[in-house]
Amino acid sequence: MIVDILINLMIRQAIIPLAGLGTRLLPLSSVFAKELLPINGRPGIEYILDECDDAGIKEIIFIISKKKEVIKKYFFNDKYYKKIIKKKKDKRIEEIYKKILKYKKKIKFVYQNYPKGTGDAVLKTSKYIKDKYFLMLLPDDLIMKKNCSKEMIKIHKKFNSSVMASMKVKKDTVSRWGIYKIKKKIDNNNFIIDDVVEKPNKKDAPSNNAVIGRYILPKKVFSLLRKQKKGQGGEIHITDTLRKLIFLNEVFIGHIFKGKYLDCGSMDGYIKSGLEISKL
Ligand code: G1P
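Now for a quick tour of the structure. Nothing here was measured: the structure is a model prediction, and the numbers come from that model.

### Thoughts on the site of the ligand
Arg 24, Leu 138, Asp 141, Arg 176, Trp 177, Gly 178, Glu 198, Lys 199, Val 211, Gly 213, Tyr 215 and Thr 239 make up every residue found near the ligand. At a separation of 2.7 Å, an oxygen atom of the ligand approaches a polar side-chain atom of Asp 141. Protein contacts shield 88% of the accessible area of the ligand, which totals 380 Å² for the unbound molecule. Structurally, the ligand is housed in the largest pocket. A total of three residues in the shell around the ligand trace back to one element, the largest contributor, which is strand 11 (residues 209-218). Grouping the constituent residues of the shell around the ligand by class yields four nonpolar, three polar and five charged.

Take a look at the structure:
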């Protein structure tokens, strides 16, 4: 019985939507997978994988598309590495390969060939999610210095709830984010969410508490996602389904994270991220 309860609260799987077009990073994203672009010498996705690893995640599901198979190749290029290592006997390359092998062991791939939105991406993983709750990380959002996923898992265990990472944003920028309304304050960094709206106008926004790309979601999200209609911009948004879950009394906690936020999804943010990380 106790074992069952503990397993129910464990977060062992993470999903990462990677099939997006990345138009905010054009022209680079017309030929590269934006998640492989280097940020201070390392692909952005590696920072996300390190966060998962350090948070105790055992399996990571990459949602990619045919157009972004280069991401698979980055992790599954064994023949190439083995050949080079044999030929060059270079310590640096051996170390890099070791790290790639470590990541590779945890990664699975599913396909979302048409970029219909984050909600649709999540739905593609439904067959593979085993536990009652799982983690989702959006790769455009890097959070450095303090492991946000790890902190959120602690909150989840304490309250047996779903969790979304969040930060306060300037009122003028609310239409860039999912914005939530607070029902109840738990402490200075954690709030029970009353409602969440995807990219509202400034005048309709219920607050300036923005959702940032880390979520602990319940498995029951899938049955609602199957029925989710297109929303803002013609996409299927995870936020719209989370809103329904909240109305069905699923407890969602907005967690104000302590780490340093870097927005790697826009050209301006991407350039700044490299500079900021090099200073950490
Ligand atoms: C997504 C979510 C949005 C959230 C944001 C965080 O938007 O839909 O609710 O605030 O990530 O980065 P996107 O960046 O895909 O436009």
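Having seen it, we continue.
### Things to note about empty space enclosed by the protein
One pass over the full model with this rule turns up two cavities of 30 Å³ or more. Considering only enclosed or pocket space, the largest cavity measures out at about 100 Å³ in volume. Along the wall of the largest cavity there are 13 residues; nearest its centre are Lys 34, Glu 35, Gly 44, Pro 139 and Cys 264. The dominant element in the lining of the largest cavity, judged by the number of residues it contributes, is helix 2 (residues 44-54), at three residues. Classifying every residue of the lining of the largest cavity by side-chain character gives nine nonpolar, one polar and three charged. A volume near 40 Å³ is recorded for the second largest cavity. Lining the second largest cavity, in full, are Leu 49, Asp 53, Ile 60, Lys 102, Tyr 103 and Lys 106. Contributing elements (two or more residues each) for the lining of the second largest cavity: helix 2 and helix 5 (91-106). Examining the composition of the lining of the second largest cavity, we find that three residues originate from one element, helix 5, more than from any other. Its residues assigned to classes, the lining of the second largest cavity shows three nonpolar, no polar and three charged.

### Looking at the packing of aromatic side chains
Counted according to the given criterion, the structure contains 10 aromatic pairs. Ring geometry for Phe 75 versus Tyr 103: centroids 6.1 Å apart, planes at 85 degrees, classification edge-to-face. Linking Phe 75 in helix 3 (residues 70-75) with Tyr 103 in helix 5, this pair joins segments that are 28 residues apart in sequence. Judged on exposure class, the residue Phe 75 and its partner Tyr 103 are both buried. Seen from their ring centres, Phe 76 and Phe 109 are 5.7 Å apart, and the 70 degrees between their planes marks the pair as edge-to-face. Here Phe 109 lies in strand 5 (residues 107-111) and Phe 76 lies in the loop between helix 3 and helix 4 (78-88), a separation of 33 residues in the sequence.

### Observations regarding the environment of His 237
On the secondary structure map, His 237 appears in the loop between helix 8 (221-225) and helix 9 (238-247). Once residues within four sequence positions are removed from consideration, His 237 is found in contact with Gly 119, Glu 198, Gln 228, Gly 231 and Gln 232. Looking at His 237, its side chain comes within polar contact range of the main-chain oxygen of Gln 232, at 2.7 Å.

### Observations concerning the pairing of strand 6 (residues 133-137)
Burial within strand 6 is extensive, with five of its five residues counted as buried. Side chains of strand 6 alternate between two faces, with Tyr 133, Leu 135 and Leu 137 and Phe 134 and Met 136 buried alike. The sheet contact formed by strand 1 (residues 13-17) and strand 6 spans two bridges and is parallel. Within strand 6, the position partnered with Ala 14 by the bridge is Leu 135. Both strand 6 and strand 11 contribute to a ladder of five bridges, which runs antiparallel. Note on strand 11: the bridge partner recorded for Met 136 is Tyr 215.

Rules behind the numbers
Numbers given to residues run from 1 along each chain, matching the order in which its sequence is written. At least 70 in pLDDT is required for a residue's local features to be given in this predicted model, at least 80 for side-chain atom pairs to be given and counted, and no such filter applies to totals for whole chains, interfaces and linings, which use all residues. Side-chain metrics rest on all non-hydrogen atoms present in the structure, leaving aside hydrogens and water. Proximity is defined per residue: if any heavy atom of the residue lies within 4 Å of a molecule or strand, that residue is considered near it. We call two N or O atoms a polar contact when they sit within 3.5 Å, provided that within protein one can donate a hydrogen and the other can accept it, with sequence-adjacent residues counted only if both atoms are side-chain atoms. To measure how exposed things are, a 1.4 Å probe is used in the Shrake-Rupley method; for residues, cover is taken only from the protein chains shown. We place a 1 Å grid over just the protein atoms. Points where a 1.4 Å probe fits but has no way out form a cavity, open points with protein on both sides within 12 Å along at least 5 of 7 lines form a pocket, and any residue with an atom within 4 Å of a point lines it. Here the criterion for a molecule occupying a pocket or cavity is that more than half of its atoms lie within 2 Å of the pocket grid points. Under the DSSP-based scheme used, a helix requires at least four consecutive residues in state H or I and a strand at least two consecutive residues in state E, with every element numbered from the N terminus. Amino acid classes used here: Ala, Val, Leu, Ile, Met, Phe, Trp, Tyr, Cys and Pro are nonpolar; Asp, Glu, Lys and Arg are charged; the rest, including Gly, are polar. Grid points are joined across faces, edges and corners, and a volume is the space filled by probe spheres set on the points. Two aromatic rings from Phe, Tyr or Trp, using only the six-membered ring of Trp, form a pair when their centres are within 6.5 Å; if the ring planes differ by under 30 degrees the pair is stacked, by over 60 it is edge-to-face, and anything between is tilted. Only protein chains enter the accessibility calculation, which uses a 1.4 Å probe; a residue is then buried when its area is under 20% of its type maximum, exposed when over 50%, and partly exposed in between. Note on contacts: a residue pair qualifies if any of its non-hydrogen atoms lie within 4.5 Å across the two residues. When DSSP finds two or more bridges between a pair of strands, those strands are recorded as paired.

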